[in-house]
Amino acid sequence: MRTIGIALLTVSTLAVAANLNGTWRFEQTSNNGRKRITTYVFRVNGNTFTGDFANLSEHRDILNGVIDGNTITFDTKFEFDDQGRLTPFTGEITGEELSILPARAPQGKRPPQPTVVKRISNETAYVPPPEAAPHHKPLPPFKPIPPNGLALTPPMGWNSWNKFSSRIDDKTVREIADAMVTTGMRDAGYLYVNIDDTWEAERDANGVLQPNSKFPDMKALADYVHSKGLKLGIYSGPGYKTCAGYDASYLHEEQDAKTWAAWGIDYLKYDWCSASAVYHRDDMMPVYQKMALALRATGRPIIFSLCQYGWLNVREWGSAAGGNLWRTTGDISDNWDSMSRIGFAQNGREKYAGPGHWNDPDMLEIGNGGMTDSEYRVHMALWSILAAPLLAGNDVRVMTPAAREIMNNREVIAIDQDKLGKQGFRLRQDGDLEIWQKPLSDGVAVGLFNRSGAPAQMKIAWSEVGITAKNPKVRDLWEHKDIAAAADFTAEVPSHGVVMLKVTR
Ligand code: GLA
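What counts and what doesn't
Residue indices begin from 1 for each chain and proceed along its sequence in written order. Totals for whole chains, interfaces and linings use every residue, but because this is a predicted model, local features are given only for residues with pLDDT of at least 70 and side-chain atom pairs only at 80 or more, for both listing and counting. Derived side-chain values reflect all non-hydrogen atoms in the structure, with water molecules and hydrogen atoms excluded from consideration. Being near a molecule or strand, for a residue, means having at least one of its heavy atoms within 4 Å of it. As used in this structure description, the phrase polar contact means that two N or O atoms lie within 3.5 Å; if the pair is within protein, one of them must be able to donate a hydrogen and the other to accept it, and residues adjacent in sequence are counted only when both atoms belong to side chains. The Shrake-Rupley method, run with a 1.4 Å probe sphere, supplies the accessible areas, and residue values consider only the shown protein chains as cover. Disulfides are defined as pairs of cysteine sulfur atoms found within 2.5 Å of each other. Counting from the N terminus, the helices are DSSP H or I runs at least four residues long and the strands are E runs at least two residues long. Only protein chains enter the accessibility calculation, which uses a 1.4 Å probe. A residue is then buried if its area is under 20% of the maximum for its type, exposed if over 50%, and partly exposed in between. The axes are straight lines fitted to the C-alpha atoms, using for helices just the contacting stretch, and the angles between their N-to-C directions are given from 0 to 180°. Roughly parallel here means an angle under 35 degrees, roughly antiparallel means over 145, roughly perpendicular means 65 to 115, and every remaining angle is called oblique. Crossing handedness is defined as follows: a turn of the near helix away from the far one that is anticlockwise and smaller than a right angle gives a left-handed crossing, while the clockwise case is right-handed. In what follows, residue pairs with any heavy atoms lying within 4.5 Å of each other are defined as contacts. All residues other than Ala, Val, Leu, Ile, Met, Phe, Trp, Tyr, Cys, Pro, Asp, Glu, Lys and Arg, Gly among them, are scored as polar; the first ten of these are nonpolar and the last four charged. Strand pairing requires that DSSP identify at least two bridges connecting the strands. Any carboxyl oxygen of Asp or Glu within 4 Å of a side-chain nitrogen of Lys or Arg constitutes a salt bridge here.

Novice: Give a description of the site of the ligand that names residues and reports values.
Specialist: Around the ligand, the surrounding shell consists of W161, D196, D197, Y235, C243, A244, K269, D271, C307, Y309, R327 and D331. One of the side-chain N or O atoms of K269 is found 2.8 Å from an oxygen atom in the ligand. Between the ligand and R327, the relevant distance is 3.0 Å, taken from an oxygen atom to a side-chain nitrogen or oxygen of the residue. For the ligand, whose accessible area on its own is 300 Å², the fraction buried by protein is 92%.

Structure, rendered in structure tokens:
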């Protein structure tokens, strides 16, 4: 009896295993006409399996799959998560239908509804969804391309996302451009006025991407911004959809680059978002390069900003892919934890930055109200020591005097924009007290940062940053004062504060 039982169990396991193998799909069209397509691919081996999970915005690896009768369990791992975080799922197979549920119900929320997927084929390799497949051509192989000669110092300007999100339109962009002039921002170097996501409508019959009703005439807007001595930037991505769900540039790269050039666009932020649904991770370099080449083919100088949150060590190939800057992190928020966590984690990336190609720890939050003035000074000082792009993210029309003074501090801006183009790095750290330095063409910038909750005494000897002259010229860049010559310097640095100095050789 026992032998027969085991034999039956094995037979039933094998039978179910054979049934799971292949590609399964869930498709739904929502009320607003948007299609939701979720694909599961299972590769079965005995009573275990691996596979892929993909929808129009992400791709996950399926790991640790186990089949037990009609029940399956498995984990998914977001393909770019280098910390290996797993999300567990369970499923029930009923013939050609499979009902899948998260194994851990999210706390405090209604229990999730199962996703019911149907088998569509026995294919065990992930193939992008049906809309993509008929057009999908293999990408040209990746080949490092020379610099485009732009962004010899970190780009400076403004971007709509942090403050306005989807509430951005032609009128607001014009008013921001006006304010960039009247507040002195333009003359301090902030040149690019960049429209982020949510400007897009659908494509016309010829496939030309149209702006939506918030932006009635992009060419006229570009002309206006240019008439103010400023430049205009725009946003798209390599997938079907942008992060906010608008049409992106998939299969229309050359066409979109031409459209933007014809409008007079000077800067493109190109955001990965949903591209994992149609590309494999190994495609990321050629995907970015494709747009870089499309921009160059227009003949218009357009700064190319890569936004893929630092995945796949972009710092090592972003420049060769044609990028002038690349995000190194997820999105910043307007609070001390987010800003300081991102900013102080940039140490060690300095060797990848230089004239024409910059690490981008995300846009500024200065003036948005979530931090104290002292914390915003840390933001400005740290980003400048990092030779980071300085893209204001506030409502420039209604800046507080403090925000205006912080972002218009020309002595600090000069550190960011120093022509040597070296990204700074940490000299030493004692708990929450960090001293950073940035080599300059004529000396060294030094930041004494206090991340703790109480004021602290901080001391530095100039010999630590390689300045051996007896009486070097030292200047406090927030106080706008020279400091009496000596071999070292001690200051009380406020909590969540910075003392920023320039030591001239
Ligand atoms: C992503 C980017 C943000 C912003 C939004 C727009 O989250 O990282 O900077 O562009 O998309 O949808």
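Alright, that's what it looks like, and here's the rest.
Novice: Which residues make up the state of the cysteines, and what values do they have?
Specialist: Counted according to the given criterion, the structure contains one disulfide. Between the sulfur atoms of C243 and its disulfide partner C273 the distance amounts to 1.8 Å. Disulfide C243 to C273: torsion about the S-S bond roughly -95°, handedness left-handed. One end of the pair, C243, is in the loop between β13 (231-236) and α6 (253-263); the other, C273, is in the loop between β14 (267-271) and α7 (284-297), with 30 residues separating them in the sequence. Under the relative-accessibility criterion, C243 is labelled partly exposed at 49%. Owing to a relative accessible area of 9%, C273 belongs among the buried residues under this scheme. You can see C307 has no disulfide; the closest cysteine sulfur is in C243, sitting 6.6 Å from it.

Novice: How would you sum up the packing of α6 against α7? Please name residues and give values.
Specialist: For the pair α6 and α7, interaxial distance at closest approach is 8 Å and the crossing angle is 40°. The pairing of α6 with α7 is recorded here as oblique in orientation. Relative to α7, the crossing made by α6 is right-handed. In this structure, α6 contributes E253, E254, A257 and W260 to the contact, and α7 contributes K290, M291, A294 and L295. In the contact of α6 with α7, the residues fall into five nonpolar, no polar and three charged.

Novice: So what's going on with the pairing of strand β20 (residues 433-440)? Which residues, and what values?
Specialist: Among the eight residues in β20, seven count as buried, and that is most of the element. Bridge count between strand β19 (residues 425-430) and β20: five bridges; the pairing is antiparallel. Across the sheet, residue R426 finds its bridge partner in β20, namely W436. Where β19 hands over to β20, the hairpin turn is made up of two residues, of which G431 adopts a positive phi near 60°. Of the pairings in the sheet, the one linking β20 to strand β21 (residues 443-450) comprises eight bridges and is antiparallel in character. Residue pairing in the sheet places Q437 in a bridge with V446 of β21. In this antiparallel pair of consecutive strands, β20 and β21, the connection spans two residues.

Novice: Now, about the sheet that holds strand β6 (residues 87-94): what can you tell me, with residues and values included?
Specialist: In sheet architecture, strand pairing relies on hydrogen bonds along the backbone and comes in two forms, parallel and antiparallel. Spatially, eight strands are ordered β1-β2-β3-β4-β5-β6-β7-β8 in a closed barrel, and the strand pairing comes out antiparallel. Put simply, the sheet's adjacent strands are angled 30° from each other on average, direction ignored. In terms of strand pairing, strand β1 (residues 22-29) meets strand β2 (residues 35-45) through eight bridges, oriented antiparallel. Opposite G22, over in β2, you have F42 as the bridge partner.

Novice: Please set out the pattern of salt bridges residue by residue, giving values where relevant.
Specialist: Scanning the entire structure with this criterion turns up 24 salt bridges. Its salt-bridge partner being R174, residue D170 comes within 2.7 Å of it at the nearest N-O pair. Highlighted residues: D170 and R174, both in helix α3 (residues 170-182), separated by four residues, approximately one helical turn. Between K171 and E175 there is a salt bridge, and its shortest N-O distance comes to 3.1 Å. Of this pair, K171 and E175 both sit in helix α3, separated by four residues, roughly a single helical turn.

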